[in-house]
Amino acid sequence: MNEEELQILTRIAVALESIADSLEKNPSKTSDVNTSQNVVSEENTISHPIYKREEIDVNILIDKLKDNNITVKTYVDKEDENTSMDYISKFMGMRYSDIKTVYEAMKRHLNKPHGFHLDLKNASQNEISASCQLCNNLYQIAFLSEYKYDKSPKYFIHATPNKIPIAINFLTGHWLEIFIRRIVQESLQSLPTDIEYTYLINPQITLPNGDDFELDVVFLINGQIYWFEGKTGNYQHYINKYSEVESLMGLDKQYSFMVLTDVPHPNTAYILSKTFGMSIISVEDFKEEINYVLRENLGLPLNG
């Protein structure tokens, strides 16, 4: 690693800490009232059950896959996960329709020597706000080497994606894997039942037929394997192969999911799910859908 790359990585670390700190330093407001008004007798206290939501040893998942004749060769160690990127990834997933135009411009210019100039005159206020927020956050962590926004009446974004490997990997799709992992974890924490889970990120596996394959995200939730793949484009090229892998892994559409950023029509995900057997979900529907699926699979009330 040369000195320039080291400086960039140092800048990324400092900026991510700043973003994380800004989120943590937003405590809810409390009113200054007489203490006696806040005293609640034991008789009137509502008792809520305490649920266990425990992250278990990842080797339990590896052994579970082995029982299905699937060998895990390598995977990303959780200690090496850049969890400080969770905030930006979640923002991109939850606001994808608003950041789609600027995100696609970034991807198109990852392998080009110059940056891009994006005209937002016809964009909605939500799109402008989200696009500028994303660019600003990516600039802070040096994933954009240049960023400037011309306000009214120009409404132009000028930006240049950084060509360092960590930025290229994030922008070409790793953010979606982080988003999936984060949303599943949040859903598990919200469920009113005891949960034991663990997960693997980017495991390199050998399938029962001897083929090598790489998965995006695999969870073990109360003893059941859940497989998630994310695609930021060209899903048509992969979907049939993934359907075959799903069968080799002994899963069905209740436990195997493809999360897509670009679903051309509201009915497309439904038609793809019926045709290929996997559950196909648009990125902005993923939070609601996975919460529904987990409740259904775990025998919980669907509207609780």
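Above this text sits the structure in question.
Source: prediction; values computed, not measured. (Residues numbered from 1 in each chain as written. Predicted model: local features only at pLDDT ≥ 70, side-chain atom pairs only at ≥ 80, totals over all residues. Heavy atoms only, no water.)

Brief notes about a negative patch on the surface
So the rule is basically this: Within this analysis, patches are made of residues with over 30% relative accessible area and no salt bridge. Like charges are joined at 9 Å or less; nonpolar side chains (Val, Leu, Ile, Met, Phe, Trp, Tyr) at 5 Å or less. What sets the accessible areas is the Shrake-Rupley method with a 1.4 Å probe; for residues, cover comes only from the shown protein chains. Whenever Lys or Arg places a side-chain nitrogen within 4 Å of a carboxyl oxygen from Asp or Glu, that contact is recorded as a salt bridge. A residue counts as positive if it is Lys or Arg and as negative if it is Asp or Glu; His and the chain ends are not included. By convention, the point assigned to a charge is CZ for Arg, NZ for Lys, CD for Glu and CG for Asp. When accessible area is computed with a 1.4 Å probe and restricted to protein chains, residues below 20% of their type maximum are described as buried, those above 50% as exposed, and intermediate ones as partly exposed.
Taken together, the side chains of Glu284, Asp285, Glu288 and Glu289 define an acidic patch exposed on the protein surface. Classification of Glu288 by relative accessible area gives exposed; the value is 62%.

Some thoughts on the pattern of salt bridges
Here is the rule: To qualify as a helix, a DSSP run of H or I must reach at least 4 residues; to qualify as a strand, a run of E must reach at least 2; elements of each kind are numbered from the N terminus.
For the structure on display, the rule yields 11 salt bridges. Across the salt bridge formed by Arg181 and Asp86, the nearest N and O atoms sit 2.9 Å from each other. In this pair, Arg181 sits in helix H6 (residues 165–190) while Asp86 sits in helix H3 (residues 86–94), placing the two residues 95 residues apart along the sequence. Given a relative accessible area of 8%, Asp86 falls into the buried group. Ionic pairing is found between Lys121 and Asp119, a salt bridge with its closest N-O pair at 3.6 Å. One salt-bridge network, held together by shared partners, links Asp86, Lys90, Arg181, Arg182 and Glu186.

Some thoughts on the pairing of strand S5 (residues 156–161)
Here is the rule: Two strands make a pair as long as DSSP finds a minimum of two bridges between them.
Bridge count for strand S3 (residues 116–119) against S5 is 4 bridges, and the pairing is antiparallel. Each residue of the ladder has a partner; that of Phe116, found in S5, is Ala159. Both strand S4 (residues 144–150) and S5 contribute to a ladder of 6 bridges, which runs antiparallel. The residue bridging Tyr147 from the neighbouring strand is Ala159, located in S5. Following S4, the chain reverses through 5 residues before pairing antiparallel with S5; Tyr155 in that reversal takes a positive phi of roughly 55°.

Some thoughts on the sheet that holds S3
The line we're drawing: Between N-to-C directions, angles cover 0 to 180 degrees, with each direction set by a line fitted to C-alpha atoms, over the stretch in contact for helices. Throughout, a residue-residue contact means that at least one pair of heavy atoms, one from each residue, lies within 4.5 Å.
Reading across from one edge, S3-S5-S4 is the order of the 3 strands in this open sheet, with antiparallel pairing throughout. Of all strands in the sheet, those bounded by a partner on one side alone are S3 and S4. Each strand of the sheet is rotated relative to its neighbour by a mean of 15°, with strand direction disregarded. In this fold helix H4 (residues 96–108) packs onto S3, S4 and S5, with an angle of close to 160° to the strand it touches most, S3. Docked against the sheet, helix H5 (residues 125–140) engages S4 and S5, running at close to 150° with respect to S4.

Digging into the packing of H3 against H4
Short version of the rule: Any angle that is under 35 degrees is reported as roughly parallel, and any over 145 degrees as roughly antiparallel; angles of 65 to 115 degrees are reported as roughly perpendicular and all others as oblique. As a working rule, the residues Ala, Val, Leu, Ile, Met, Phe, Trp, Tyr, Cys and Pro are called nonpolar, Asp, Glu, Lys and Arg charged, and the rest polar, with Gly in that last group.
Between H3 and H4, the shortest axis-to-axis distance is 6 Å and the interhelical angle comes to 105°. Accordingly, the angle class assigned to the pair H3 and H4 is roughly perpendicular. Where H3 abuts H4, its residues Phe91, Met92, Gly93 and Met94 lie against Tyr96, Ile99 and Tyr103. Across the contact of H3 with H4, the residue classes break down as 6 nonpolar, 1 polar and no charged.

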